[in-house]
Amino acid sequence: MGFIFNRKKKVSKDGTKVDVIRYSDDDNRAWEPVTESGKYLEELTEYMDGIFPCEKEKPFVYHEILSDIVHIDVNIVPPDNGRDYYVLWTSGMSDRPMTLPDGDYDKKEYERAELLMFLPKDWKIGRIGETGEELGDMYYWPIRWLKYLARFPHEYKTWLGTGHTLPNGEEYAPLGEGTGMGGFFFLPVIPLGEQYPGVDALICKDGAQINFLWAIPMYEEEIEYKLQEGFEAMMDLFAEVNFPRVLDPERPNYIKNN
């Protein structure tokens with residue numbers, strides 16, 4: 001995982017101003033202990049249980065053993081109650097506010113977030129206490145990346161929001177074994193029929209707003225298309241190809257193959 005460029009501005013064809021920021025993993029940043037953990041966990045769990053209820057199998061958690069800055073867990077909701085896919089959602093990312101740019105807007109609407117990903121029902125998801133080495137990278141990489149992405153804005157003092165993209169280094173290195181996708185695109189989780197419910201922002205008891213972002217693995221050409229053509233063009237492409245909610249690590253490249 002590497003983000004090694006500097007900040008620069010560009011304008012996509014639809015007139016959208018894009019702030020391209022590239023980060024370095026080479027910075028000698030000291031390990032930072034977690035100062036607050038599980039701040040919204042109870043409210044998050046109750047909220048997600050209401051959206052993705054389970055009757056036969058109980059959700060479980062990939063707990064983080066050693067945490068830097070924030071304690072990130074990945075919660076696993078099994079296929080159940082009519083769903084034929086796993087739901088993965090992070091907890092801990094929202095314990096701290098992200099670092100948003102200055103502007104004439106209410107930062108409290110965007111400064112806290114958690115991530116989701118959706119895996120097919122036949123995915124080898126592992127079990128409580130199993131490590132990534134035991135599971136194998138072909139199956140563990142979505143969990144590994146969710147943990148990394150959830151810590152990313154806190155580690156680099158930045159933020160993740162709707163329409164953001166994040167490549168895996170200059171060369172868009174594959175995200176994991178068994179896939180050629182090399183980056184991520186982030187969107188809200190909108191409803192797609194009864195099978196795929198939407199996930200709105202959670203307003204917590206203390207007034208904090210937690211947004212939920214779908215972390216979507218993408219190919220290099222798709223991310224570059226979004227940067228060149230703009231967000232609306234990307235949304236048009238999603239509609240045209242009926243973009244799948246559930247991850248297929250070998251899905252077609254919708255730019256290269258069209």
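Located above this text is the structure these notes cover.
First, a word on what this report is: a plain description of the structure on this page. For clarity, every value in this text was computed on a predicted model and none was experimentally measured. By convention here, each chain's residues receive numbers from 1 onward along its written sequence. Two thresholds apply to this predicted model, a pLDDT of at least 70 for residue-level local features and 80 or more for giving and counting side-chain atom pairs, whereas whole-chain, interface and lining totals are computed over all residues. Excluded from the side-chain calculation are hydrogens and water; included are all heavy atoms of the structure.

1. Observations regarding the pattern of salt bridges
Between side chains of opposite charge, a pair can form when the charged atoms approach closely. Here is the rule: When a carboxyl oxygen of Asp or Glu lies within 4 Å of a side-chain nitrogen of Lys or Arg, that pair is called a salt bridge. A helix here means a DSSP run of H or I that spans at least four residues, while a strand means a run of E at least two residues long, and both kinds are numbered starting from the N terminus. Relative accessible area decides the class of each residue, using a 1.4 Å probe on protein chains only: under 20% of the type maximum gives buried, over 50% gives exposed, and in between gives partly exposed.
A full pass over the atoms with the stated rule returns five salt bridges. Arg251 is paired through a salt bridge with Glu222; the nearest N and O atoms lie 2.8 Å apart. Placement of the pair is Arg251 in the segment after helix H5 (231–241) and Glu222 in helix H4 (residues 220–229), with a sequence separation of 29 residues. Residue class for Arg251 comes out buried when judged on its relative accessible area of 5%. The class of Glu222 is buried, set by a relative accessible area of 1%.

2. Side note on the packing of aromatic side chains
Each aromatic ring pair is summarised here by two numbers: the centre-to-centre distance and the angle between the ring planes. Stated precisely, the cut-off is as follows: For this analysis, a ring pair means two rings from Phe, Tyr or Trp (six-membered ring only for Trp) whose centres lie within 6.5 Å, classed as stacked if their planes differ by under 30 degrees, edge-to-face if by over 60, and tilted for the remaining angles.
The final tally for this structure, using the stated rule, is 19 aromatic pairs. Ring geometry for Tyr85 against Tyr196: centres 5.2 Å apart, planes inclined by 25°, an arrangement best described as stacked. Of this pair, Tyr85 sits in strand S5 (residues 85–91) while Tyr196 sits in the loop between strand S8 (183–188) and strand S9 (202–203); the two residues are 111 residues apart in sequence, bridging distant segments of the chain. Judged by its relative accessible area of 0%, Tyr85 is buried.

3. Considering the pairing of S5
To keep things clear, this is the line we draw: Strands qualify as paired when DSSP identifies two bridges or more between them.
Most of S5 is tucked away: seven of the seven residues are buried. Neither face of S5 is left uncovered, since the one carrying Tyr85, Val87, Trp89 and Ser91 and the one carrying Tyr86, Leu88 and Thr90 both have all their residues buried. Bridge count between strand S4 (residues 73–77) and S5: five bridges; the pairing is antiparallel. The residue bridging Asn75 from the neighbouring strand is Trp89, located in S5. Two strands pair when backbone bridges link them, and S5 and strand S6 (residues 113–120) are joined in this way by five bridges, in the antiparallel orientation. Within S6, the position partnered with Tyr86 by the bridge is Leu119.

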